[in-house]
Amino acid sequence: MSRATTVQAPVGIDHHQAPLLDALRRYAEDGVVPFSTPGHKGGRSMDAEFRDRFGSVLLAGDVPLGGGIDDTHFSRGVLEAAEALGAAAWAADRTFYLVNGSSAGNHAFLLATLRPGDEVIVGRDMHKSLMVALMLTGAVPIYVEPQLHPELSVGLGIRPESIAAALDAHPEARLVALVSPSYCGVPSDLARIAAVAHERGVPVYVDEAWGPHFHFHPALPPSAMASGVDGAVASTHKILGALTQSAVLNVAGNRADPQRIASAVGMAQTTSPSVPILASIDACRRQMALEGEALLDRAIALASEARRRLQALPGIGVLDAETLGLDQYDLTKLVIDVVGLGLTGHEVEAILRRRFAVQPEMSDLVSVICLVTIGDDDSSIARLVDAFTRLAHERSETRRSGGSAELRSSGAAIASGAQAMSPRAAFFSPALAVPLERSVGAVSAELVIPYPPGIPVLAPGDVITADKVAYLRDGVARGVHLSGPADPHLATIRVVADPV
Ligand SMILES: Cc1ncc(COP(=O)(O)O)c(C=O)c1O
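Bear in mind that the values here come from a model prediction, so they are computed numbers and not experimental data.

Examining the site of the ligand
In step 1: By nearness alone, 14 residues border the ligand, and Ser-103, Asp-207, Trp-210, Ser-235 and His-237 come closest of all.
In step 2: A distance of 2.8 Å is found between an oxygen atom of the ligand and a side-chain nitrogen or oxygen belonging to Trp-210.
In step 3: Protein contacts shield 82% of the accessible area of the ligand, which totals 380 Å² for the unbound molecule.
In step 4: The cavity that encloses the ligand is the largest pocket.
In step 5: At the level of elements, helix 5 (101–113) and helix 9 (236–239) are the ones that each hand at least two residues to the shell around the ligand.
In step 6: For the shell around the ligand, the per-class residue count stands at three nonpolar, nine polar and two charged.

Written out as structure tokens, the structure reads:
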């Protein structure tokens, strides 16, 4: 399949149209008097401060989909027209607009394609929402680990050879599900992964939450749909110009049943989707289809300039394709290594926010991640680079000379290891909190993801080993942030009470 750059509209598709925006305009022009949800009736009954902050225009647009945007309760014609344009823009056969983020897409696709007990090949660097999808379905994950950069503790993607080996060892597997790109902007070779899976008749689903922009610029990694996968979800709110919670679920072909996916989308989402969120996807699709390449040109140029200037600062490194030894990388991501400043990423994030009013996307022990998007300009990039410049020069007395290895090591402890039961069985089993030190040999009831490298050390159903306990204990002592466990300091961990 060829790469889309400037989106070529298929016959009959006019990307200048925006059906949801048009319908919102008509609703306003008609002067509709609503005896329907939402109860705030165009913002009239709302708390005044809230109304002032959000503005009456936005609130007037918070109308129902059926019986609002469409003129009768059960019709979905406007949304369907908007989603058809979305499918043309992202090169899908069918696209679903989501109001509960990529999380909802992950739940829906796996619910539609897997049954309890089915084997599914899953990249171990999955997001929590894919784990929840496994719990919902009762499928049995066969984990495949990403390669790790030997020094930088950055995942280098899932190798097609690993997928082929997993499929050969588990010929009954019904789906391959992967995250690509990773949080750090590293894509897997999806075209080759699709080829090895399709040769064996198995569909491929990609959690492309961090890659909604890939499809619109040739210098970015190939998008999941352009790589020939069967389904992919992308968070339009993460990188593009759409509202928080918005995402698109793209589907191609019939290896995964499109009708079942449509039903599952209806199950995974609210029955009262927010029209402002849906309309923001409509507008974002129009913008990207018509001007995406030019807008991304600018964002990539800004990010490249920022990367170059930050890399020149003492004590600071910024990931790039060359350092990682990759052909493809998300050029808009700034993964800024701060170990050389003698500070953790968390400390740098706090300093940036409190002293410089600059807010990174995320921090971990060794880095801060900053997103450069089509919303940035010279002045926002200058704020970021200036803040780092001041910090780097202030820290020049105290910074460390390279002593980062102990902060980065991840070792064998992140290998998936033995599973005693499926994530669903672990989730529904009685569980109890035990001191971490006493948990060796027990079955984890929790997902425990240390940052870095953002790969689960434990998933529900995994057998807890002494290696993993030692790794987690050391990480906590060094200030690693753990995502997932009920006790964020992991003095205790929830384990399955009576594994059978
Ligand atoms: C890889 C990945 N998948 C899915 C999600 C969930 O996306 P959303 O917040 O749009 O539901 C995230 C969120 O950060 C993510 O990093």
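Section: the sheet that holds strand 8 (residues 317–318)
Each strand in a sheet pairs with another by means of backbone hydrogen bonds, the pair being arranged parallel or else antiparallel.
In step 1: With respect to topology, four strands assemble into an open sheet ordered 8-9-11-10, the strand pairing being antiparallel. In the strand order of this sheet, the two ends are held by strand 8 and strand 10 (362–363), each with one partner.
In step 2: Bridge count for strand 8 against strand 9 (residues 333–337) is two bridges, and the pairing is antiparallel. Residue pairing across strands places Gly-317 opposite Asp-337, the latter belonging to strand 9.

Some points on the pairing of strand 9
In step 1: Buried residues dominate strand 9, accounting for five of its five residues.
In step 2: Of the two faces of strand 9, the one holding Lys-333, Val-335 and Asp-337 and the one holding Leu-334 and Ile-336 are both buried throughout.
In step 3: Pairing between strand 9 and strand 11 (residues 367–371): five bridges, direction antiparallel. Bridge pairing links Asp-337 to Ser-367 in strand 11.

Considering the pattern of salt bridges
In step 1: Taken as a whole, this structure holds 15 salt bridges when the rule is applied.
In step 2: In this structure, Arg-200 engages Asp-168 in a salt bridge whose closest nitrogen and oxygen atoms are separated by 2.8 Å. Linking Arg-200 in the loop between helix 8 (190–199) and strand 5 (204–207) with Asp-168 in helix 7 (residues 160–169), this pair joins segments that are 32 residues apart in sequence.
In step 3: When the shortest N-O distance is used, the salt bridge between Glu-305 and Arg-308 registers 2.9 Å. Of this pair, Glu-305 and Arg-308 both sit in helix 11 (residues 275–311), three residues apart, roughly one helical turn.
In step 4: When salt bridges with common partners are traced through the structure, they connect Arg-159, Glu-161, Asp-189 and Arg-192 into a single cluster.

Calculation notes
- Residues numbered from 1 in each chain as written.
- Predicted model: local features only at pLDDT ≥ 70, side-chain atom pairs only at ≥ 80, totals over all residues.
- Heavy atoms only, no water.
- Near = heavy atom within 4 Å.
- Polar contact = N/O pair within 3.5 Å; in protein donor to acceptor, adjacent residues only side chain to side chain.
- Areas by Shrake-Rupley, 256 points an atom, 1.4 Å probe, with all protein chains shown as cover.
- 1 Å grid on protein atoms, 1.4 Å probe; cavity = no way out; pocket = protein on both sides within 12 Å on 5 of 7 lines; lining within 4 Å.
- Sits in = over half its atoms within 2 Å of the grid points.
- Helix = DSSP H or I, 4+ residues; strand = E, 2+ residues; numbered from the N terminus.
- Nonpolar A, V, L, I, M, F, W, Y, C, P; charged D, E, K, R; others polar.
- Pairing = 2+ DSSP bridges.
- Buried < 20%, exposed > 50% of the residue type's maximum accessible area, 1.4 Å probe, protein only.
- Salt bridge = Lys/Arg side-chain N within 4 Å of Asp/Glu carboxyl O.

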